[in-house]
Amino acid sequence: MSISVMKDMFGDVIPKRDSGLLDCAYNYLLSYGYINFGVALAIKSRIPIEPSKGRAIFIGAGLLGLVATMQLMLFGFEVIVLEGRKRAGGRVCTKKDGRREQGGSY
């Protein structure tokens, strides 16, 4: 992730009367990981701009893969993460069936 998308970026483009629609669209994109997915800004500021230690490839974007990737990046490695699914998180996935939260129980 190189740029975080914030709602206030569209304040001068989207009319005030459509702010509810903007909120709805933003929350949808955010909750399904279409925007602002990646390394949090607080962590990103500590990652070296130019990798200095070499390259690493991590297979799997589950919790371990994401944490290990972050650590390697903090240590100065350039890291590529390969994931077979359309989303990160591995077996941790929140599913809602309309009545209750199922968490990562699938």
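All residue numbers refer to position in the chain's written sequence, counted from 1. This being a predicted model, a pLDDT of at least 70 is required before a residue's local features are given, and a value of 80 or more before pairs of side-chain atoms are given or counted; all residues contribute to the totals for chains, interfaces and linings. To obtain the side-chain values, all non-hydrogen atoms of the structure were included, while hydrogens and water were left out.

## Overview of the overall build of the chain
And then number 1: Counting from the N terminus, the helices are DSSP H or I runs at least four residues long and the strands are E runs at least two residues long. If you tally the helices and strands in the chain, you get three helices and four strands.
And then number 2: When the helices and strands of the chain are placed in sequence order, the string is α-α-β-α-β-β-β.
And then number 3: The buried share among the 106 residues of the chain stands at 17%.
And then number 4: Considering only contacts within the chain whose residues lie at least 6 apart along the sequence, 39% involve residues at least 24 apart. Here's how the labels work: a residue is buried when its accessible area is under 20% of the maximum for its type, exposed when over 50%, partly exposed in between, all with a 1.4 Å probe on protein chains only. Any two residues having at least one pair of non-hydrogen atoms within 4.5 Å are treated as being in contact.

## Let's talk about the pairing of strand β1 (residues 54–59)
And then number 1: Paired strands are those between which DSSP finds at least two bridges. In terms of strand pairing, β1 meets strand β2 (residues 77–82) through six bridges, oriented parallel. Among the inter-strand pairings, R55 is bridged to a residue of β2, identified as E78.
And then number 2: Call a crossover right-handed when, viewed with both strands pointing away from you, the route from the first strand across the helix to the second goes clockwise. Once you follow β1 into helix α3 (residues 63–74) and on to β2, the crossover reads as right-handed.

## Some points on the pattern of salt bridges
And then number 1: The term salt bridge refers to a side-chain nitrogen of Lys or Arg lying within 4 Å of a carboxyl oxygen of Asp or Glu. Taken as a whole, this structure holds two salt bridges when the rule is applied.
And then number 2: K7 is paired through a salt bridge with D23; the nearest N and O atoms lie 3.2 Å apart. Note that K7 is positioned in the segment before α1 (19–31) and D23 in helix α1, a separation of 16 residues in sequence.
And then number 3: By relative accessible area, K7 is classed as partly exposed at 30%.

## Considerations on the UniProt feature "transmembrane region" (unreviewed entry) in the chain
And then number 1: The sites that carry the UniProt feature "transmembrane region" (unreviewed entry) are, in the present numbering, residues 25–43 and 55–77.
And then number 2: Summarising residues 55–77: 52% helix, 26% strand, and an end-to-end C-alpha distance of 5 Å. UniProt positions are given in the numbering used here, feature names are shortened, and annotations may be inferred rather than shown by experiment.

## Focus on α3
And then number 1: Given the number of residues in a helix, its expected span is that number minus one, multiplied by 1.5 Å. The terminal C-alpha atoms of α3, which comprises twelve residues, lie 17 Å apart, in line with the 16 Å expected from a rise of 1.5 Å per residue.
And then number 2: Tucked inside the fold, the buried residues of α3 contact β1 and β2.
And then number 3: Downstream of α3 by one or two residues, G76 has phi in the positive range, about 105°.

## Quick notes on a nonpolar patch on the surface
And then number 1: A patch is a set of surface residues, each over 30% in relative accessible area and not in a salt bridge, joined within 9 Å for like charges and within 5 Å for the nonpolar side chains Val, Leu, Ile, Met, Phe, Trp and Tyr. What sets the accessible areas is the Shrake-Rupley method with a 1.4 Å probe; for residues, cover comes only from the shown protein chains. Nonpolar side chains collect at one region of the surface, where M6, M9, F10, V13 and I14 lie side by side and expose about 420 Å² of accessible area between them.
And then number 2: Note on placement: F10 falls in the segment before α1.
And then number 3: With relative accessibility at 33%, the residue F10 sits in the partly exposed group.

## Considering the environment of G60
And then number 1: On the secondary structure map, G60 appears in the loop between β1 and α3.
And then number 2: Distance from G60 to G84, taken between C-alpha atoms, is 7.3 Å for residues 24 residues apart in sequence.

## Examining the environment of G11
And then number 1: Topologically, G11 is positioned in the segment before α1.
And then number 2: Relative accessible area serves as the criterion here: at 45%, G11 is assigned to the partly exposed category.
And then number 3: C-alpha of G11 to C-alpha of L22: the two residues are eleven residues apart in sequence and 9.4 Å apart in space.

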